[in-house]
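# Coordinate inspection notes
Listed here are the chains, written in short residue letters.
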Protein chains: 2
Amino acid sequence: MKLVRDQGVTAPLGFRAAGIAAGIKASGKSDLALVFNEGPEYAAAGVFTTNKVKAAPVRWSEQVLKSAALRAVILNSGGANACTGPAGFQDTHATAEKVAAELSNWGTETGAIEVAVCSTGLIGDRLPMDKVLAGVTEIVHEMAGGLSGGTDAAYAIMTTDTVPKQAALHHDGGWNVGGMAKGAGMLAPALATMLVVLTTDVKVSAAQLDTALRRATARTFDRLDVDGATSTNDTVLLLSSCASEKVPTQEELDAAILAVCDDLAEQLMADAEGVTKRIVITVRGAASEEDALIGARTIARDSLVKTALFGSDPNWGRVLAAIGIAPITLDPDTIMVSFNGSPVCVDGMGAEGAREVDLSGADIVVDVDLKVGDATASIRTTDLSHGYVEENSAYSS
Amino acid sequence: MKLVRDQGVTAPLGFRAAGIAAGIKASGKSDLALVFNEGPEYAAAGVFTTNKVKAAPVRWSEQVLKSAALRAVILNSGGANACTGPAGFQDTHATAEKVAAELSNWGTETGAIEVAVCSTGLIGDRLPMDKVLAGVTEIVHEMAGGLSGGTDAAYAIMTTDTVPKQAALHHDGGWNVGGMAKGAGMLAPALATMLVVLTTDVKVSAAQLDTALRRATARTFDRLDVDGATSTNDTVLLLSSCASEKVPTQEELDAAILAVCDDLAEQLMADAEGVTKRIVITVRGAASEEDALIGARTIARDSLVKTALFGSDPNWGRVLAAIGIAPITLDPDTIMVSFNGSPVCVDGMGAEGAREVDLSGADIVVDVDLKVGDATASIRTTDLSHGYVEENSAYSS
């Protein structure tokens with residue numbers, strides 16, 4: 001297997017993509033992306049936000065996925081189309097209809113029910129539908145099979161992201177997986193503010209795709225937690241074209257999808273809003289994997305831990321205070337904590353030299369051993385910086 | 001009833017207090033406080049942090065309160081004495097022993113088991129016990145019955161607080177309640193990083209005090225949530241001297257204790273670390289009070305809501321996204337939100353003029369009506385500002 005970052009959704013055989021500036025964003029930056037599956041097959045799977053307040057495109061795409069097949073995904077930045085009521089849902093529907101009509105004109109008979117829609121941006125405003133619909137006409141003509149189409153699409157879904165995120169895996173068995181992602185804030189469990197489209201050219205069933213996707217997201221995007229906030233628009237889609245005609249085992253497919261998701265999750269963390277530290281928090285010695293995950297997530301969400309790490313301050317007491325409120329099995333007198341491999345707390349007490357551990361680098365590893373069991377889990381997170389506050393205090397203005 | 005803020009724990013009859021600089025803080029600021037109950041009775045109640053990682057003084061004071069009586073409370077700032085192991089617990093014990101011995105020398109036969117201990121400051125370091133013990137000798141001689149003793153004590157428990165917090169209530173029935181509080185960060189459910197000592201001169205049982213205290217804290221300190229962090233040291237104590245010989249009903253006592261706690265909670269919110277906005281979040285129309293409380297707390301903890309309000313940005317979509325992840329009964333299509341009385345979201349959609357609501361003042365009222373039931377609850381919180389990040393990124397250095 002070979003993983004690269006300069007290729008994305010068009011790395012697998014049988015996919016075209018494009019990204020254009022349709023005028024949805026006031027800035028004039030690119031804001032509309034299309035991923036098109038040329039087939040010969042169209043199996044697909046998706047996972048969506050667990051937020052009860054779901055954006056219109058999420059409600060639409062959940063319906064569409066019931067058929068377990070997709071011809072295309074249309075994505076826009078510049079507006080989330082969330083909290084926009086029945087009219088907002090109608091806008092999503094109209095967008096899918098328009099994509100289907102243009103693809104049919106272009107020569108591929110397509111129904112709206114084969115088109116997923118993803119949106120990202122400010123919650124609460126209607127999209128400028130004249131621009132979206134005109135953009136759809138344009139983007140269907142723009143779409144290209146080369147790698148540049150995938151890269152253009154990855155740019156068009158960016159909001160506060162500073163760089164596009166792509167990854168592609170070329171399997172020794174002659175098949176491929178590609179992906180693109182956006183998301184920089186509102187990143188939390190149950191998926192981040194995150195739009196991810198994954199593509200592959202293998203010949204597998206929709207059920208196999210679904211299994212691989214759920215296994216991968218549970219261990220990657222679900223374990224990325226920047227600020228505990230879960231978006232109204234989170235969507236991860238996996239499309240297969242079958243164009244390579246290769247048939248991997250479920251294990252091979254799982255491993256490949258996991259590898260691409262893991263790489264994209266790492267890219268999301270590295271570009272999170274205001275990030276100055278990339279932090280991996282591992283809880284080991286837990287009574288169960290669930291406990292380990294809850295413990296790691298509780299630490300990852302603690303504002304006092306996150307501000308201390310922003311300040312490169314090895315204030316390990318805050319890690320203890322944070323895990324102490326996690327609803328998990330623990331004994332405060334056996335907890336061991338290390339920062340970047342240096343023990344700072346042993347048996348619930350400070351270790352020699354704990355206040356002198358150097359956390360000035362950009363990567364910080366926090367390791368907590370509860371010593372009550374054998375289970376381990378990790379969460380990727382970031383620090384709470386002035387940049388995070390700055391970026392989020394004036395997002396809608 | 002009359003509530004004033006220039007009097008504290010010595011406002012009721014039968015209490016002396018003092019605050020001194022014992023040298024625990026490197027800054028030389030005052031750092032040791034004593035509250036002494038002259039009797040004739042000593043009934044007391046307490047509530048403590050729910051954090052599983054409990055500081056030594058919390059473990060000690062929980063034991064002491066089993067007798068439901070207290071002669072004195074000794075409090076220090078400059079160190080939390082948390083995560084300090086058996087030696088730290090021994091330090092707390094020795095402090096209580098020293099207070100008991102000095103009070104006995106002074107003429108009031110006292111046992112260590114009648115002395116509660118509270119500590120606040122950095123987690124993980126042992127206290128300078130030579131300074132603490134010498135300070136105890138000094139402070140017992142310093143303690144005075146006038147109001148200035150209470151004020152000195154309120155100053156001595158400050159950490160990142162910028163002002164001391166006191167409140168006193170003079171009841172028309174001829175009895176009094178007084179209190180002091182500290183706490184500015186790590187303020188969360190299950191009590192804030194908060195030390196609070198309340199005093200009263202009524203003649204009631206320890207069980208009555210306990211009832212009044214639990215009812216009051218559940219509606220005040222437990223509903224103050226600055227950053228979702230719960231300290232290892234939270235302690236709220238209520239001591240009664242019986243010196244007024246007045247016997248209020250439980251309802252009268254409940255109302256008075258609630259009023260003082262409510263006022264202290266408001267003072268804690270107003271002085272929270274980095275606060276630029278004082279925010280009250282109310283969720284009404286909930287299926288249960290529990291649901292309303294969880295909903296309000298979820299919004300109060302959301303970093304994206306808190307940064308938007310820091311920026312005076314009426315980004316109501318973030319309130320919808322936040323409550324959507326709360327594990328409560330709701331229908332996204334009926335939610336109504338108003339900011340400072342102006343509707344910004346009606347039936348889950350943006351209201352006319354929602355983006356123009358003025359949030360530039362220091363006080364912000366967020367009101368969410370779920371319209372699924374009749375229950376209501378409010379949480380006090382603050383914004384997430386540059387000041388919060390600044391103050392917490394270098395606390396231990």
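Residues numbered from 1 in each chain as written. Chains lettered and ligands numbered in written order. Predicted model: local features only at pLDDT ≥ 70, side-chain atom pairs only at ≥ 80, totals over all residues. Heavy atoms only, no water.

## Looking at the relation of the copies chain A and chain B
Its rotation angle being 180 degrees, the transformation that places chain A on chain B also includes 0.0 Å of axial translation and leaves an RMSD of 0.0 Å. As the rotation angle and translation indicate, the two copies are arranged about a two-fold axis. Residue His 386 of chain A, judged by its C-alpha, is the member of chain A lying nearest the rotation axis, at 2.9 Å. Mapped onto chain B, 100% of the interface residues of chain A are again interface residues, and the two copies thus contact each other with one and the same surface. (Least-squares fit on C-alpha atoms with pLDDT ≥ 70 in both. Contact = heavy atoms within 4.5 Å.)

## As for the sheet that holds strand E2 (residues 15–20) of chain A
Residues and elements named next belong to chain A. Pairing is mixed in the open sheet, where four strands are placed in the order E2-E3-E5-E6. The open sheet terminates on both sides in strands that have one partner only, identified here as E2 and strand E6 (115–119). Geometrically, the sheet is characterised by an average inter-axis angle of 10 degrees between neighbouring strands, direction not taken into account. In the sheet, E2 pairs with strand E3 (residues 32–37) via six bridges, with the strands oriented antiparallel. Directly across from Ala 18, in E3, lies its bridge partner Leu 34. (Pairing = 2+ DSSP bridges. Helix = DSSP H or I, 4+ residues; strand = E, 2+ residues; numbered from the N terminus. Axes fitted to C-alpha atoms, helices over the stretch in contact; angles between N-to-C directions.)

## Side note on the pattern of salt bridges
Residues and elements named next belong to chain A. Under the criterion given, the structure shown has 37 salt bridges over all chains. Here Arg 380 ties to Glu 266 by a salt bridge, and the two come within 3.7 Å at their closest N and O atoms. Of this pair, Arg 380 sits in strand E16 (residues 375–382) while Glu 266 sits in helix H6 (residues 250–270), and the two are 114 residues apart along the sequence. Through salt bridges with shared partners, a single network forms among Arg 5, Asp 262, Asp 263, Glu 266 and Arg 380. (Salt bridge = Lys/Arg side-chain N within 4 Å of Asp/Glu carboxyl O.)

## Some thoughts on the environment of Glu 251 of chain B
All names here are of chain B. As for its position among the elements, Glu 251 is in helix H6 (residues 250–270). Overall, Glu 251 belongs to the exposed group, its relative accessible area being 56%. In sequence terms Glu 251 and Met 1 are 250 residues apart; their C-alpha atoms lie 14 Å from each other. (Buried < 20%, exposed > 50% of the residue type's maximum accessible area, 1.4 Å probe, protein only.)

## Remarks on helix H8 (residues 303–310) of chain A
For H8 of chain A, the tally of buried residues reaches seven of eight residues, placing the bulk of the element in the interior. The complete set of buried residues in H8 of chain A reads Ser 303, Leu 304, Val 305, Lys 306, Thr 307, Ala 308 and Leu 309 of chain A. On its buried face, H8 of chain A sits against strand E11 (278–286), helix H7 (289–300), helix H9 (317–323), strand E15 (363–369) and E16 of chain A together with helix H10 (386–392) of chain B. With a side-chain oxygen lying 3.0 Å from the backbone nitrogen of Leu 304 of chain A, the N-terminal cap of H8 of chain A falls on Asp 302 of chain A. Two residues or fewer past H8 of chain A, Ser 312 of chain A is found with a positive phi of approximately 55 degrees. (Polar contact = N/O pair within 3.5 Å; in protein donor to acceptor, adjacent residues only side chain to side chain.)

## Some details on the environment of Thr 232 of chain B
One can find Thr 232 of chain B in the loop between helix H5 (206–219) and strand E10 (235–240). Residues Thr 232 of chain B and Ala 362 of chain B, spaced 130 residues apart in sequence, show a C-alpha to C-alpha distance of 30 Å. Apart from the residues within four sequence positions on either side, Thr 232 of chain B is in contact with Ala 321 of chain A together with Thr 49, Asn 51, Val 53, Lys 54, Ala 55, Val 58, Ala 82 and Ile 123 of chain B.

## Quick notes on the packing of H5 of chain B against H6 of chain B
All names here are of chain B. For the pair H5 and H6, interaxial distance at closest approach is 9 Å and the crossing angle is 40 degrees. Classified by the angle between their axes, H5 and H6 sit oblique to one another. Considering the relative orientation of H5 and H6, their crossing is right-handed. Of H6, the residues touching H5 (which contributes Gln 208, Leu 209, Thr 211, Ala 212, Leu 213, Arg 215, Ala 216 and Arg 219) are Gln 250, Leu 253, Asp 254, Ile 257, Leu 258 and Cys 261. (Parallel < 35°, antiparallel > 145°, perpendicular 65-115°, else oblique. Left-handed = near helix turned anticlockwise from the far one by under 90°.)

## Here's the deal with the interface of chain A and chain B
In this assembly, 56 residues from chain A lie in contact with 56 residues from chain B. With both sides pooled, the region where chain A packs onto chain B buries about 4,400 Å², and carbon together with sulfur makes up 58% of that total. Applying the counting rule to chain A against chain B returns four salt bridges. With its nearest N and O atoms 3.4 Å apart, the salt bridge here joins Asp 333 of chain A to Arg 59 of chain B. Remark: the boundary between chain A and chain B carries nine residue pairs in polar contact (both at pLDDT 80 or more). Only helix H2 (85–106), H8, H9, strand E14 (349–350) and helix H10 (386–392) of chain A provide two or more residues apiece to the side of chain A that touches chain B. Across the side of chain A that touches chain B, the residue classes tally to 25 nonpolar, 21 polar and ten charged. (Buried area = accessible area lost by both parts, 1.4 Å probe. Nonpolar A, V, L, I, M, F, W, Y, C, P; charged D, E, K, R; others polar.)

## With respect to the packing of helix H1 (residues 56–64) of chain B against helix H2 (residues 85–106) of chain B
Residues and elements named next belong to chain B. With their axes 8 Å apart at the nearest point, H1 and H2 run at an angle of 50 degrees to one another. On the basis of the axis angle, H1 is oblique to H2. Judged by the sense of rotation from one axis to the other, the crossing of H1 with H2 is right-handed. Facing Ala 56, Pro 57, Arg 59 and Trp 60 of H1, the residues of H2 in contact are Gly 88, Phe 89, Thr 92, His 93 and Ala 96. Classifying every residue of the contact of H1 with H2 gives five nonpolar, three polar and one charged.

## Observations regarding the domain arrangement of chain A
Residues and elements named next belong to chain A. In terms of domain boundaries, chain A breaks down into domain 1 (2–271) and domain 2 (278–392). One C-alpha centre belongs to domain 1, the other to domain 2; they are set 33 Å apart. Taken together, the contacts link 16 residues of domain 1 with 16 residues of domain 2. Interface of domain 1 and domain 2: buried area, both sides summed, is about 1,400 Å²; carbon and sulfur atoms make up 46% of it. Ranking the residues of domain 1 by area buried against domain 2 places Arg 223, Asp 225 and Met 269 at the top, with a combined share of 50%. The interface formed by domain 1 and domain 2 holds two residue pairs in polar contact (both at pLDDT 80 or more) in total. For the side of domain 1 that touches domain 2, the element with the most residues is H6, which contributes five residues. Among the residues making up the side of domain 1 that touches domain 2, the classes are represented as seven nonpolar, two polar and seven charged. (Domains from an automatic or database assignment.)

## Describing the sheet that holds strand E1 (residues 2–4) of chain B
Residue and element names in this part refer to chain B. Read from one edge of the open sheet, six strands run E1-E7-E8-E9-E10-E4, paired in mixed fashion. Strands at the two margins of the open sheet, each flanked by one partner only, are E1 and strand E4 (44–48). For this sheet, the mean inter-axis angle between neighbouring strands, taken without regard to orientation, is 10 degrees. In this structure, strand E7 (residues 165–170) lies alongside strand E8 (residues 176–182), joined through six bridges in antiparallel fashion. Residue pairing in the sheet places His 170 in a bridge with Asn 176 of E8. Helix-sheet contacts for H5 involve E4, strand E9 (195–200) and E10, and the interaxial angle to E4 is about 35 degrees.

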